[in-house]
Amino acid sequence: MTVSSPAFPIISIGLPVYNGEKDLPACLDALLGQSFDQFELIISDNASTDRTEAICREYAGRDSRIRYVRQPENNGPLRNFKFVFDVAQAEYFMWAGCDDFWSPDFLKHNHVFLARNPDYVASTSPNGFENWSRDHPLVDFALDGEQYDRYVGFLQRSFLSHGMFYSLFRTKVLRE
């Protein structure tokens, strides 16, 4: 089944990748299976030496929302992350890691939040790590509760989560 790209994507997802063959198919399935489908997925392959290129080309052939770029040489992670952002076209932007997975409604819930709250720059959802036990709940940076308690909670949990970096952002604010 071929999926068509939206004429004007609302969200750009930037996926910088290097040698991601192990987790890449599950990552792409999670992104392409989002209930909110008005996005473009920009994959920048940083000259991978494994099967990453073949996997990306296969998925791009099935779904026109994917824009696959293979870099001619490895430019390092920072330039690869910057590249996917620089070519993003939509009002909202999100970086994605090739070893990350999202619930099917991740984009929908975070887009709805930002659309209803124009003063917010970004939105994310509680997140956690694979194989966590009940002793390690999802990391949540909710804005409810006393300000002091929120600061303490943030400092105690911030090293556990890259969820803030992988939030849905207003593209214009990031560019500024």
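Below: a short report on this structure.

Conventions adopted
- Residues numbered from 1 in each chain as written.
- Predicted model: local features only at pLDDT ≥ 70, side-chain atom pairs only at ≥ 80, totals over all residues.
- Heavy atoms only, no water.
- Helix = DSSP H or I, 4+ residues; strand = E, 2+ residues; numbered from the N terminus.
- Buried < 20%, exposed > 50% of the residue type's maximum accessible area, 1.4 Å probe, protein only.
- Contact = heavy atoms within 4.5 Å.
- Areas by Shrake-Rupley, 256 points an atom, 1.4 Å probe, with all protein chains shown as cover.
- Arc of directions from axis to C-beta.
- Pairing = 2+ DSSP bridges.
- Phe/Tyr/Trp six-rings, centres within 6.5 Å; stacked < 30°, edge-to-face > 60°.
- Lys NZ or Arg CZ within 6 Å of the ring centre and 35° of its normal.

Assigned secondary structure in the protein chain consists of six helices and six strands. Ordering the α and β elements of the protein chain from the N terminus gives β-α-β-α-β-α-β-α-β-α-β-α. Every one of the 176 residues in the protein chain was classed for burial, and the buried ones make up 39%. Long-range contacts, defined as pairs at least 24 residues apart, comprise 75% of the intrachain contacts of the protein chain with a sequence gap of at least 6. Accessible surface, the protein chain as shown: approximately 10,400 Å² in total, 54% of it carbon and sulfur.

This brings us to helix α2 (residues 52–62). Every α-helical turn comprises 3.6 residues, leaving residues that sit three or four positions apart pointing alike. Along α2, the residues that are buried comprise Thr52, Ile55, Cys56 and Tyr59. Taken around the axis of α2, the buried residues stretch over an arc of 95 degrees, which confines them to a single face. In this structure, the buried side of α2 is in contact with β1 (11–17), α1 (24–32), β2 (39–45) and β3 (66–70).

Turning our eyes to something else, we now look at the sheet that holds β3. Here six strands make up an open sheet; going across it, the order is β3-β2-β1-β4-β6-β5 and the pairing mixed. The open sheet has two edge strands, β3 and β5 (122–123), and neither has a second partner. In the sheet, β5 pairs with strand β6 (residues 168–170) via two bridges, with the strands oriented antiparallel. Along β6, the bridge assignment pairs Ser123 with Leu168.

Below, the discussion takes up the packing of aromatic side chains. Considering all chains together, one arrives at six aromatic pairs under this definition. Taking 5.0 Å as the distance between ring centres and 75 degrees as the angle between the ring planes, the aromatic pair formed by Phe85 and Phe93 counts as edge-to-face. Just as Phe85 is buried, Phe93 falls in that class too. Between Phe93 and Trp95, the aromatic rings sit 4.9 Å apart at their centres with planes inclined by 90 degrees, giving edge-to-face as the arrangement. On the basis of relative accessibility, which here comes to 11%, the residue Trp95 falls in the buried class. Put simply, the rings of Phe81, Phe85, Phe93, Trp95 and Phe169 pair up and form one aromatic cluster. Its end group placed over the ring of Tyr59, Arg62 keeps NZ or CZ at 4.3 Å from the ring centre.

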